[in-house]
Amino acid sequence: MDSEWKIKEQICEIGRRIYTKGFVAANDGNISVRLGKGRYLCTPTLVSKGYMKPADIALVDDAGKQLAGPKPRTSEILLHLEIYHALPEINAVVHAHPPYATAFAVAGVSVPGNILPEVELFIGQVPLAQYETPGSKNFAQTILPHLKNKANTILLANHGAVSCDRRLEQAYFNLEILDQYCRILLLARQVGNIQQISQSKVGELLAIKQRLGLADPRLGPEGAIHSLPGSDDFLRGFSQRAIPGHVPDAAGSGRGYGIAGSTSQAGSPQPTPDACPAAIVAGRRVGGLGSSSATARRRALDDQVERLTQIITDRIVDAFGKNN
Ligand SMILES: [Zn+2]
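Quantities reported herein were computed from a predicted structural model and do not represent experimental measurements. (Residues numbered from 1 in each chain as written. Predicted model: local features only at pLDDT ≥ 70, side-chain atom pairs only at ≥ 80, totals over all residues. Heavy atoms only, no water.)

Peer 1: Is there a simple way to explain the overall build of the protein in this structure?
Peer 2: When you go through the protein residue by residue, the secondary structure sums to 10 helices and 10 strands. Relative to its 324 residues, the protein shows a buried fraction of 48%. In the protein, the proportion of contacts linking residues at least 24 apart, taken out of those at least 6 apart, comes to 63%. Summed over its atoms, the accessible surface of the protein is roughly 15,600 Å², and 55% of this surface lies on carbon and sulfur atoms. (Helix = DSSP H or I, 4+ residues; strand = E, 2+ residues; numbered from the N terminus. Buried < 20%, exposed > 50% of the residue type's maximum accessible area, 1.4 Å probe, protein only. Contact = heavy atoms within 4.5 Å. Areas by Shrake-Rupley, 256 points an atom, 1.4 Å probe, with all protein chains shown as cover.)

In structure tokens:
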């Protein structure tokens, strides 16, 4: 194992990365490393993680009591200790507020899976822990059920994300992978339909994961793949987007988008249209705002209003431009 000083330098380096990547603002975020024998190094509170020096790093015991260090330890040490106590193989924890991932945590929307191979391999499905006041024992315990379900990266509702690994750099990488992924999802949603990898191909990724010794709750001991519920809200919200009555121009161009019949995460078709009105999207008639739940229906209606507002705004701006 590296010397204590070397580990303090590594914590400062990861602090610089989360700060320069914009994963934290001001003094946000915290990092820790398990030393063994009930001792942990962690970042100090009220210090920018971008400008820490090795001498700033605090040493705490198994209960979070500070043993050494010139500055008070992070107020989030209980969150870190909860992870170390639940998972003996974990040696490092990084908590930050990466903006694209935190957008999902604020919206209360689970990050969909089965879209990018690297995400499936390194972090897998990302659960969303319920909101609790930061720094409290209750807050620390919100992640427990997800840790037991083998998650290494967890979204914290209305807060941010936390990741853990055997190695400090990989715990940081998990957050980097997650934030890049969430950014791509939001961009893809603007471009068009989001396509998922088929279940059989996801199975191949999970087999690679198993060979690499990486845990995944979807992979049973017998090699069976289990899909986890509630992780494709984001895709449902998108796939049912439609602009009622919108007809594209003669060239076929139009602002409408919203794809019916795309494949859901579980590999089954999206919910079939129900009582909601049908719509014309990009010149073709699609089902209504099909939804299996009132929440999804409400979200789809919100999307409609948003798109209609955009069209009206564009037309006003166009008319204004022609008159000037
Ligand atoms: Zn935080």
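So, next bit.
Peer 1: How should I be thinking about the confidence of the model for the protein in this particular structure?
Peer 2: Detail in the predicted coordinates should be disregarded across regions flagged by low pLDDT. Here the protein averages 81 in pLDDT, while 74% of its residues score no lower than 70. Note that pLDDT drops below 50 for residues 239–292; the model gives that stretch 118 contacts with residues more than four away or on any other chain. (pLDDT = per-residue confidence, 0-100.)

Peer 1: Explanation requested: the coordination of the zinc ion in the structure shown.
Peer 2: Reference geometry at the metal: tetrahedral coordination by four donors gives ideal angles of 109.5 degrees; octahedral coordination by six donors gives 90 or 180 degrees. Around the zinc ion, the protein supplies H95 (NE2), H97 (NE2) and H159 (NE2) as donor atoms, at distances of 2.1 to 2.2 Å. According to the relative accessible area criterion, H95 is buried, its value standing at 1%. (Donors = N, O, S within 2.8 Å, 3.2 Å for Na, K, Ca; no water.)

Peer 1: Which parts of the structure should I look at to understand the environment of L116?
Peer 2: In this structure, L116 sits in the loop between α3 (99–107) and α4 (117–122). Put simply, L116 and I184 are 68 residues apart on the chain and 9.7 Å apart in space, counted from C-alpha to C-alpha.

Peer 1: What exactly am I supposed to notice about a nonpolar patch on the surface here?
Peer 2: On the surface, F122, I208, L212 and L214 cluster together into a nonpolar patch covering about 330 Å² of accessible area. When you line up the elements, L214 lands in the loop between α8 (199–211) and α9 (233–239). (Patch = residues over 30% accessible without salt bridge, like charges linked within 9 Å, V, L, I, M, F, W, Y side chains within 5 Å. Salt bridge = Lys/Arg side-chain N within 4 Å of Asp/Glu carboxyl O.)

Peer 1: Teacher, can you tell me more about the packing of α3 against helix α7 (residues 168–191) here?
Peer 2: The relative placement of two packed helices is expressed as an angle between their axes plus a distance between the axes. Following both chains from N to C, one finds α3 and α7 inclined at 70°, their axes separated by 7 Å at the closest point. Here α3 is positioned roughly perpendicular relative to α7, judged by the angle of their axes. Residues P99, Y100, A101 and F104 of α3 form the contact with α7, whose own contacting residues are L178, D179, C182, R183, L185 and L186. Looking at the contact of α3 with α7, its residues break down into 8 nonpolar, no polar and 2 charged. (Axes fitted to C-alpha atoms, helices over the stretch in contact; angles between N-to-C directions. Parallel < 35°, antiparallel > 145°, perpendicular 65-115°, else oblique. Nonpolar A, V, L, I, M, F, W, Y, C, P; charged D, E, K, R; others polar.)

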